[in-house]
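# Structural features, examined
So the chains spell out like this:
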Amino acid sequence: MAKINDNYLKLKAGYLFPEIARRVNAFAQANPDAAIIRLGIGDVTEPLPEACRLAMVQAVAEMGNRETFKGYGPEQGYEWLREKIAQHDFQARGCDIDASEIFISDGSKCDCGNILDIFGKDNTIAVTDPVYPVYVDTNVMAGNTGEVNEKGEYAGLVYLPISAENNFTAEIPNQRVDLIYLCFPNNPTGATATKEHLQAWVDYARAHNSIIFFDAAYEAFISDSNLPHSIYEIPGARECAIEFRSFSKNAGFTGTRCALTVVPKTLTAKASDGSDVELWKLWNRRQSTKFNGVSYIVQRGAEAVYSDAGQAQVKALINFYMENAKIIREQLTAAGLQVYGGVNAPYVWVKTPNGLSSWDFFDKLLHTCNVVGTPGSGFGAAGEGYFRISAFNSRQNVETAMARIIDKFKA
Ligand SMILES: *Cc1c(COP(=O)(O)O)cnc(C)c1O
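The shown structure was predicted, so the numbers you read here are calculated from the model rather than taken from an experiment.

## Description of the overall build of the protein chain
What the protein chain contains, in helices and strands, is 12 helices and 15 strands. Across the protein chain, the fraction of contacts at a sequence separation of at least 24, relative to all contacts at a separation of at least 6, is 72%. Entry remark: accessible area of the protein chain is about 18000 Å², with carbon and sulfur atoms responsible for 49%.

## Some points on the environment of Gly-236
Counting through the fold element by element, Gly-236 comes out in the loop between strand 6 (211-215) and strand 7 (241-246). In sequence terms Gly-236 and Arg-206 are 30 residues apart; their C-alpha atoms lie 7.7 Å from each other.

## Let's talk about the side chain of Glu-19
Counting through the fold element by element, Glu-19 comes out in helix 2 (residues 16-30). According to the relative accessible area criterion, Glu-19 is buried, its value standing at 13%. Here Arg-22 takes part through its side chain, which lies 3.0 Å from a polar atom of the side chain of Glu-19.

## Some remarks on helix 12 (residues 395-409)
Given a rise of 1.5 Å per residue, 15 residues ought to cover 21 Å, and the 21 Å separating the end C-alpha atoms of helix 12 matches this to within 8%. Buried-residue contacts for helix 12 involve strand 1 (37-38), helix 10 (308-334), helix 11 (358-369) and strand 13 (371-372).

## Details of the sheet that holds strand 15 (residues 386-390)
Strand order in this open sheet of four strands is 11-12-15-14, and the pairing throughout is antiparallel. Strands with a single pairing partner mark the edges of an open sheet, and in this sheet they are strand 11 (338-341) and strand 14 (374-375). The pairing of strand 14 with strand 15 spans two bridges and is classified as antiparallel. The partner of Pro-375 across the bridge, within strand 15, is Phe-387.

## What about the packing of helix 3 (residues 50-63) against helix 9 (residues 296-303)?
Their axes nearest at 8 Å, the elements helix 3 and helix 9 cross at an angle of 150 degrees. In terms of their interaxial angle, helix 3 and helix 9 are classed as roughly antiparallel. Here the hand of the crossing between helix 3 and helix 9 comes out right-handed. For the pair formed by helix 3 and helix 9, the contact residues are Cys-52, Ala-55, Met-56, Ala-59, Val-60, Glu-62 and Met-63 on the first element and Tyr-296, Ile-297, Val-298, Arg-300 and Gly-301 on the second. Residue classes in the contact of helix 3 with helix 9 are distributed as nine nonpolar, one polar and two charged.

## A short note on the domain arrangement of the protein chain
For the protein chain, the assigned domains read domain 1 (6-47 + 309-409) and domain 2 (52-307). Each partner contributes residues to the interface: domain 1 has 33 residues there, and domain 2 has 46 residues. Buried surface at the junction of domain 1 and domain 2, summed over both partners, amounts to about 3100 Å²; 62% is from carbon and sulfur atoms. Of all residues in domain 1, the largest losses of buried area upon contact with domain 2 belong to Lys-10, Asn-344 and Phe-379, amounting jointly to 22% of the total for that side. Across the contact surface, domain 1 and domain 2 share zero salt bridges. In this structure, the connection of domain 1 to domain 2 is made through 16 residue pairs in polar contact (both at pLDDT 80 or more). For the side of domain 1 that touches domain 2, the secondary-structure elements that each account for two or more residues are helix 1 (7-10), helix 10, strand 11, strand 12 (347-351) and strand 15. Looking at the side of domain 1 that touches domain 2, the element that brings in the most residues is helix 10, giving eight residues.

## Looking at the site of the ligand
Near the ligand lie 14 residues; those nearest to it are Asp-215, Tyr-218, Ser-246, Ser-248 and Lys-249. Ser-248 has a polar side-chain atom sitting 2.6 Å from an oxygen atom of the ligand. Within the side chain of Arg-257, a nitrogen or oxygen atom sits 2.7 Å from an oxygen atom of the ligand. Alone, the ligand offers 390 Å² of accessible surface; in the complex the protein occludes 93% of this.

## A closer look at the packing of helix 2 against helix 11
Where helix 2 meets helix 11, the axes come as close as 11 Å, and the angle between the chain directions of the two elements is 35 degrees. The handedness of the crossing between helix 2 and helix 11 comes out as right-handed. Residues Leu-16, Glu-19, Ile-20, Arg-23, Val-24 and Phe-27 of helix 2 form the contact with helix 11, whose participating residues are Trp-359, Phe-362, Asp-363, Leu-366 and His-367. Taken together, the residues of the contact of helix 2 with helix 11 sort by class into seven nonpolar, one polar and three charged.

What counts as what
Residues numbered from 1 in each chain as written. Predicted model: local features only at pLDDT ≥ 70, side-chain atom pairs only at ≥ 80, totals over all residues. Heavy atoms only, no water. Helix = DSSP H or I, 4+ residues; strand = E, 2+ residues; numbered from the N terminus. Contact = heavy atoms within 4.5 Å. Areas by Shrake-Rupley, 256 points an atom, 1.4 Å probe, with all protein chains shown as cover. Buried < 20%, exposed > 50% of the residue type's maximum accessible area, 1.4 Å probe, protein only. Polar contact = N/O pair within 3.5 Å; in protein donor to acceptor, adjacent residues only side chain to side chain. Expected span 1.5 Å × (residues − 1). Pairing = 2+ DSSP bridges. Axes fitted to C-alpha atoms, helices over the stretch in contact; angles between N-to-C directions. Parallel < 35°, antiparallel > 145°, perpendicular 65-115°, else oblique. Left-handed = near helix turned anticlockwise from the far one by under 90°. Nonpolar A, V, L, I, M, F, W, Y, C, P; charged D, E, K, R; others polar. Domains from an automatic or database assignment. Buried area = accessible area lost by both parts, 1.4 Å probe. Salt bridge = Lys/Arg side-chain N within 4 Å of Asp/Glu carboxyl O. Near = heavy atom within 4 Å.

This is the structure in structure tokens:
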């Protein structure tokens, strides 16, 4: 008799985005003339940089020629791409990261989940609340949690609340945790971490032999030159941190798929016999066995991000979205709303007015302005009373949506 992984039954049925779709569809049916603007989705809208497209076209031509055709590539990614990443993203910032410590993949979402393959079952795991749901659900699937309560919290996870009171950066726990997920710049709150804050986490992790999973998917949106882009800018991080990066949000690769994970060779964790094992070796083994690399064509596209033209085009893309974020911030503030984030991140985190719940504010915005955002409570219990607006959209949509909000909300 075939048995399932019962842990999947613990998952709260995909609630957030299906529920948003249900409410939007019901409203659209009742109001067929309403021009609904969706500022809820965390997906990019602007086309791929030309440098990336040209590199991929050339790579396709190479695939059509017996002399330059490529079959299976290295499971870890091509050396030329890993070298460029090591130089531009890490060594240029003073981070001691070697190309051999970089693993190319088809997405940070998968890597964030897959990384649990190499960790044991009795780790204490900490996530912030609110949080990117992938960190939580992959731990549920892996059997690292108990059941969910009515607030959406899973037994066995340590939730670190983040709110305006702590600048959306979690307090360092006073208990021992083994695995810690940090995401800066943050999805959903748009918050950033200073070097001092990350240093406190690195010091904590080293004191407790913990591992930090650092998700830097939005590092390219940092404009403040004092803020760290990588956790490896922090002394000691090579001994306690794995970093996830992606081409999805900086170069618009959400549909093209390329990302990377950094596992320093100095990183170890305990085997059950008490010995120290290099995590690099385990991840290398895991990837070599379960993964066959990202397509040659896509890796050439990612490599082009580091060309002069690619760098200029990516910068222009980021500037475009960050101008959207600035407009959103300014207009919502003018409409009398309290906003956070949106300065070094493409998300604006809004405090709902008059104590409205996240979902009540969602309905109000949908019904009065025909604008869709994402209820903060969908990212965790402590997201209640907040609302996420994404800067990933056309200028026209952002301006129209903000004009409607100003019109309805300005006292
Ligand atoms: C978009 C995003 C990613 C990137 O995921 P990919 O699978 O590389 O597209 C990673 N982390 C967070 C928090 C994100 O929002």
